[in-house]
Amino acid sequence: MTHAHPHGGGMRTSIATVCLSGTLEDKLEAAAAAGFDGVEIFENDLIASPASPEEVGRLCADLGLSIELYQPFRDFEGVDEDRLHAGLRRAERKFDVMERLGTSTMLVCSTVSPHAVDDDELAAAQLRTLAEHASRRGIRIAYEALAWGRYVDTWARSWDIVRRGDHPALGLCLDSFHVLSREPSPSGIAGIPGEKLFFLQLADAPQLSMDVLQWSRHHRLFPRQGAFDLPTFLRDVLDTGYSGPLSLEVFNDVFRQSDPNRTAVDAMRSLRTLDEAVDHRGRAVATERAAVPATTGATTGTATGAAAGSLPGAAELTGHAFTELGVDARSAARVERALATMGFAHRGQHRSKPVQLWQQGTARVLLNTVDAGDEPGGVAEIRALAVDSLDPASSARRAEALLAPVLPRTRGPAEADLSSVAAPDGTAVFFCRTGAEDDVGWLSDFILTGTETAGGTGLARTDHVALTQPFDWFDEAGLFYRSVLGLEPHHDAEYAAPFGLMRSRAVTDVDGDVRIALNSTLLRRGEWAPGVPDPQHIAFASDDIFASAQAMRERGGEILPVPDNYYDDLEARLELDADLIARMRACDVLYDQDEHGAFFHLYTEMLGSRVFFEIVQRVGGYAGYGSVNAPVRMAAHRRSRLARR
Ligand SMILES: O=C(O)c1ccc(O)c(O)c1
Ligand SMILES: [Mg+2]
């Protein structure tokens, strides 16, 4: 079902000033720069501004922003006569402000006042009076049920009151947080008449069991960053015939402190991604890949048109093409030795740049020599990851349409015309088509050394790339990879590690050909955490990890030692074959299992400042990343670093 929008030009996009950090002026400039059509002005932002309402109105107009809403007006309804008159007087003064700003919709949220009474008939009558006053000024009232409202705390009850109020200037404001925090799959929204739906606020959130007010005020996220089913919610709202803006209203402790320009871009990317999810999936399947023929790079009409310009569907990805490590004079030998003992061959040398190509199977690692830093052991970090796409040009256009910063070509390791964009943490993401007939030929930038990859240790391909994200960018990064590469998030996990709580989330394509694992500390890290600047790693897939481990040891490879206690615990927890445990113990192989199958993995030591390698074997469709074993790995890395001091 497609929604031809009545105005043809697509729905307006809007963002509440409360989503962004800084002064009102900072917020407005950031919203405009990210391409929003309008804003919700939060009263506190206006009160703190030295600009008069007229000046704010003019600034918005100059920036091309409409003021879609003024909010919030609190604790109005369900009161005695004296309080009603005080409320109406207060409202008239706010209508004055709105007139001077040039905006005509005021949000009234359901009362939390101890003076209010539980009487929907009274609330409806008083809101009708408010709407009557508003309509004389050309203003409309949008009534919103706060999830923690004193009496009115569901959308259904707020809609019932609006209906009873029965005034053309009285309508409903739906806020996805208030609705979905209480009712994950609400029914009946599509039955609201579109003309009574005055405003729509969109916010996502992680699934948390906590006080709903705290949940709302601290943990909201932009759509597709959390756990709410926003595509279905938005579909329902569009089915009403709603034609107002799609407005983001996200209260989030991190966004309140972050560069507003960056947050506004994240917000716009989120809206475009949501818009596409509504459009592509119809009603039910959240994880289905967009049914767009990848090789045509076809663009899709979107449900709301909120994706300004056209958003090419995500092209099918077929694997990791390469991962680029930056190494310096001190770390290079160690990284090269680790690759050699893992059975990689130094297969090529770049024609004009200090870049080596190492390969085994289809697993490719580029070593790019960079300037030395001051880390003990030398710099070693992941600078780029490259995916193979059936249509790299379309992938690059999609990334641009999703506001990914396009990187200058000189930044890349290749001379072929490879497009790349910067992920939130600065990692470059390249789109390749390695070995295809119409390959842009990044491999031909390398002069082959003649060393062949035969005689490796049985590593077939890159299984996943794991990137540690700065605390503040975790949700932004998850949305970035999800939307730009068309991946789906899986395996959110939290675990207690030696240096703090960790959070991990993987984003993968449907076939598991491209897997990116994101990790972060759950809280900001203090001073105590070890001198490890956020480790990163590349995992390679083996079909026989014991043979790979054996071959690696024969070449003098160092496998990260795993404590005996780990195997004793494994023996206690799981009924595994004693021989199997003995083999794991002998090879320092870790183990995990899920409902699909089993997972065996081993690690190298830390190489240089922050990189190590992993070898993994997935058996029977195991879909995770062994995060249960991460604390053991972290403790072992800590020990080996101390030993090397
Ligand atoms: O947290 C609040 O008080 C608050 C205020 C206005 C809103 O629109 C909202 O959703 C929440
Ligand atoms: Mg709201």
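Per an unreviewed UniProt entry, the protein chain goes by 3-dehydroshikimate dehydratase and derives from Haloechinothrix alba. Recorded in UniProt under Catalytic activity (unreviewed entry), the annotation for the protein chain is "3-dehydroshikimate = 3,4-dihydroxybenzoate + H2O". Of the protein chain, the UniProt comment under Pathway (unreviewed entry) reads exactly: "Aromatic compound metabolism; 3,4-dihydroxybenzoate biosynthesis."

Caption draft 1: Spatial organisation of the coordination of the magnesium ion (ligand 2). Around the magnesium ion (ligand 2), the protein contributes the donor atoms Glu 144 (OE), Asp 175 (OD), Gln 201 (OE1) and Glu 249 (OE), which lie 2.1 to 2.2 Å from the metal centre. Angles of 76 to 179° at the metal separate the 6 donor atoms of the magnesium ion (ligand 2), which places the site in the octahedral class. On the primary sequence, the residues serving as donors to the magnesium ion (ligand 2) are separated as E-x30-D-x25-Q-x47-E. Of this pair, Glu 144 sits in strand 5 (residues 140-144) while Asp 175 sits in strand 6 (residues 170-175); the two residues are 31 residues apart in sequence, bridging distant segments of the chain.

Caption draft 2: Representation of the packing of aromatic side chains. Per the stated rule, a full pass over the model turns up 17 aromatic pairs. Measuring from centroid to centroid gives 5.3 Å for Phe 177 and Trp 215, while their planes differ by 80°, and the two rings are edge-to-face. Note that Phe 177 is positioned in helix 7 (residues 176-182) and Trp 215 in helix 8 (residues 212-219), a separation of 38 residues in sequence. The class for Trp 215 is buried, based on a relative accessible area of 3%. Summarising the aromatic geometry, the rings of Phe 480 and Tyr 481 are spaced 5.3 Å apart at their centres and angled 90° between planes, so their arrangement reads as edge-to-face. Here Phe 480 matches Tyr 481 in class, with each residue buried. An aromatic cluster is built from Phe 322, Phe 430, Trp 442 and Phe 446, whose rings are joined through pairwise contacts. Here the basic side chain of Arg 583 rests over the ring of Phe 546, its NZ or CZ set 4.3 Å away from the ring centre.

Caption draft 3: Quick look at the domain arrangement of the protein chain. According to the domain assignment, the protein chain consists of domain 1 (13-286) and domain 2 (319-644). Taking only C-alpha atoms into account, the centre of domain 1 sits 43 Å from that of domain 2. The junction of domain 1 with domain 2 conceals about 1,600 Å² of combined surface from both sides, 48% of it contributed by carbon and sulfur atoms. If you look at where domain 1 meets domain 2, you find 2 salt bridges. A salt bridge links Glu 476 to Arg 262; the nearest nitrogen and oxygen atoms lie 3.0 Å apart.

Caption draft 4: Main features of the site of ligand 1. In the vicinity of ligand 1 lie 14 residues, with Arg 74, Glu 144, His 178, Arg 217 and Glu 249 positioned nearest. Between ligand 1 and Glu 144 there is a distance of 2.8 Å, counted from an oxygen atom to a side-chain nitrogen or oxygen. Here an oxygen atom of ligand 1 and a side-chain polar atom of Asp 175 are 2.9 Å apart. Burial of ligand 1 by the surrounding chains reaches 100%, relative to a free accessible area of 290 Å².

Caption draft 5: Representation of the nonpolar core within the structure. Grouped together as the largest cluster of nonpolar side chains are 97 residues, with contacts concentrated most on Phe 36, Leu 174 and Phe 233. With 7 residues, the single largest contributor to this core is helix 4 (residues 81-101). Discounting residues that sit within four places of it in the chain, Phe 36 has contacts with Thr 13, Ser 14, Ile 15, Ala 31, Leu 65, Leu 248, Ala 264, Ala 267, Met 268 and Leu 271. In terms of nonpolar packing, the next biggest core, distinct from the first, is built from 73 residues, Trp 358, Ala 423, Val 507 and Met 606 among them.

Calculation rules
Residues numbered from 1 in each chain as written. Chains lettered and ligands numbered in written order. Predicted model: local features only at pLDDT ≥ 70, side-chain atom pairs only at ≥ 80, totals over all residues. Heavy atoms only, no water. UniProt positions renumbered as here; feature names shortened; annotations may be inferred. Donors = N, O, S within 2.8 Å, 3.2 Å for Na, K, Ca; no water. Tetrahedral: all angles 85-135°; square planar, octahedral: opposite > 155°, others 65-115°. Helix = DSSP H or I, 4+ residues; strand = E, 2+ residues; numbered from the N terminus. Phe/Tyr/Trp six-rings, centres within 6.5 Å; stacked < 30°, edge-to-face > 60°. Buried < 20%, exposed > 50% of the residue type's maximum accessible area, 1.4 Å probe, protein only. Lys NZ or Arg CZ within 6 Å of the ring centre and 35° of its normal. Domains from an automatic or database assignment. Buried area = accessible area lost by both parts, 1.4 Å probe. Salt bridge = Lys/Arg side-chain N within 4 Å of Asp/Glu carboxyl O. Near = heavy atom within 4 Å. Polar contact = N/O pair within 3.5 Å; in protein donor to acceptor, adjacent residues only side chain to side chain. Areas by Shrake-Rupley, 256 points an atom, 1.4 Å probe, with all protein chains shown as cover. Core = buried A, V, L, I, M, F, W, Y, C linked by side-chain atoms within 4.5 Å. Contact = heavy atoms within 4.5 Å.

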